[in-house]
Amino acid sequence: MGLADRLLAVPPSEALRQQADRLRQELVGETVTYVVNRNLNFTNHCLQHCSFCAFRRDPGAAGAYWHGFDTLQERAAAAARLGATELCVQGGLNPDARLDGSTLRYYQGLLQALQAAAPGLHLHAFSPQELLFIAEQDAVPLQAVIDGLRDAGLGSIPGTAAEVLDESVRARLCPEKLSARQWCAVVLQVHRSGLRSTATLMAGHIESSRQRAAHLLTLVALQQVAWQHHGGGFSEFVLLPFIGAQAPAPLRQRVGRDQPDLEEMLALTAQARLLLDRWIVNHQPSWVKLTLAGATEALRWGCNDLGGTLMEESITSAAGALGGTAQSVEALRSAAGSLQRPVRQRTTLYGAGLACV
Ligand code: SF4
């Protein structure tokens, strides 16, 4: 068993918490950050059937939706009026989403429509799975997709669809999804193209501590490649605890828990901080999945960021998460303040310069 495996097998303890908290202080100081952003999930039509997903629908099924550009523009403009600096845009894999017969042109059109409605907002959009989907639908090289989206205003990408970067876990969890190797290849290409991404781990279901360790070490390796060759790379790590409440029955029964085990997730928060070390210094808990109280506690276990206001979370809420669909700036600031830590608004890529609200 390697060092990383041993670290990931360590049970929750005050000593573990303090070690992660000390490293957080050394690497990023005391300040807690947050971003004012809005989620835009433009469609839940999806041709895949991931075993944990309560968000996807077949077209025409109850609850299925595919918003037009005008609706999305209204929401983007409303977000801008509320002070948002970022739109986080993701959707299901909808093969009907085409403009002039091209999937890439649809996604470009979406970014351009959002830019027109909310100029200046950072467009944090489309997971590695969505990028690969566009390339496959149009039968074009992935680089053409990355370049085409960047030209249309893409600012960075969410590192979702990583789930657990282990082929045996993915075979049971999401066999239709891009493989772990493909996820890494897409992220390498995104980083090489000069775009940043976040990094995620969906944990607390069928994965082992060894698979968690391997996932985190893979993130370190990808970051090392980025830094050796061009800089940039991952901007933050986000732990995504599995929510089972509304997940399809087979996986829900297998996991045997509707909501995350907070103690286990706090321990993993600390372990991830220690393992990712100086390679990924910004760590964000998910208040949607842990509730704001749980996310605030995670700030004591190695995290330094509270994520975004979201304004309209729908993917995890569909799975039965209890954290809600939005947070006010005041709620995020008061959560950080309850720990007597300074707080500041940040940009998507952790830039400073935004006035504190
Ligand atoms: S997780 Fe994403 S790709 Fe998988 S079924 Fe749900 S919407 Fe589709």
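Starting afresh in each chain, residues are numbered from 1 along the sequence in its written order. Selection of residues for local features in this predicted model requires a pLDDT of at least 70, selection of side-chain atom pairs for listing and counting requires 80 or more, and totals for whole chains, interfaces and linings are taken over all residues.

Draft legend 1. A look at the nonpolar core. Nonpolar cores are identified as sets of buried Ala, Val, Leu, Ile, Met, Phe, Trp, Tyr and Cys residues joined via C-beta atoms within 7 Å. With C-beta atoms placed from the backbone, a residue counts as buried when 20 or more other C-beta atoms lie within 10 Å of its own, as exposed when 12 or fewer do, and as partly exposed for counts between those limits. Within the largest apolar cluster, 104 residues are counted, with the highest numbers of intra-cluster contacts made by Ala 76, Leu 87, Leu 111 and Leu 114. Under the DSSP-based scheme used, a helix requires at least four consecutive residues in state H or I and a strand at least two consecutive residues in state E, with every element numbered from the N terminus. If one sorts the elements of this core by residue count, helix H11 (residues 262-276) sits on top with 8 residues. Residue pairs qualify as contacts under a 7 Å threshold applied to their C-beta atoms, which are placed from the backbone. With residues near it in sequence (within four places) discarded, Leu 87 still touches Asn 37, Arg 38, Leu 40, Ala 76, Ala 79, Leu 114, Ala 118, Leu 121, Leu 123 and His 124.

Draft legend 2. Structural detail: the packing of helix H4 (residues 103-117) against helix H5 (residues 128-138). Axis separation between H4 and H5 bottoms out at 8 Å; the angle between their running directions is 135°. One way to sum up the angle between H4 and H5 is to call them oblique. Across from Thr 103, Leu 104 and Tyr 107 in H4, the residues of H5 making contact are Ile 134, Gln 137 and Asp 138. Each residue gets one of three labels, nonpolar for Ala, Val, Leu, Ile, Met, Phe, Trp, Tyr, Cys and Pro, charged for Asp, Glu, Lys and Arg, and polar for the others, Gly among them. Grouping the amino acids of the contact of H4 with H5 by side-chain chemistry returns 3 nonpolar, 2 polar and 1 charged. Only the stretch in contact is used when fitting a helix axis, every axis being a line fitted to C-alpha atoms; angles between N-to-C directions are given from 0 to 180 degrees. Convention used here: angles under 35 degrees read as roughly parallel, angles over 145 as roughly antiparallel, angles from 65 to 115 as roughly perpendicular, and any remaining angle as oblique.

Draft legend 3. How the structure looks around the site of the ligand. To decide whether a residue is near a molecule or strand, its C-beta atom is placed from the backbone and checked for lying within 6 Å of it. The full set of residues close to the ligand is Cys 46, Gln 48, His 49, Cys 50, Cys 53, Phe 55, Arg 56, Gly 92, Leu 93, Gln 129, Cys 174 and Lys 177. In terms of residue class, the shell around the ligand is made up of 6 nonpolar, 4 polar and 2 charged.

Draft legend 4. Highlighting the sheet that holds strand E10 (residues 343-345). Pairing in this open sheet of 3 strands is parallel, and the strands run E9-E1-E10 from one edge to the other. Each edge of the open sheet carries a strand with a single partner, namely strand E9 (305-308) and E10. Direction aside, neighbouring strands of the sheet carry axes that sit 15° apart on average. Sheet topology note: the strand E1 (residues 32-35)/E10 ladder contains 3 bridges and is parallel. Among the inter-strand pairings, Thr 33 is bridged to a residue of E10, identified as Arg 344. Strand pairing requires that DSSP identify at least two bridges connecting the strands.

Draft legend 5. Structural view of the sheet that holds strand E3 (residues 86-90). Pairing within the open sheet is parallel, and its 7 strands lie in the order E2-E3-E4-E5-E6-E7-E8. Each end of this open sheet is capped by a strand with a single partner; those strands are strand E2 (37-41) and strand E8 (283-284). The pairing of E3 with strand E4 (residues 122-125) spans 4 bridges and is classified as parallel. Pairing of Cys 88 across the sheet is with His 124, part of E4. With respect to the sheet, H11 is in contact with strand E6 (196-203), strand E7 (234-241) and E8, its orientation differing from that of E7 by roughly 155°.

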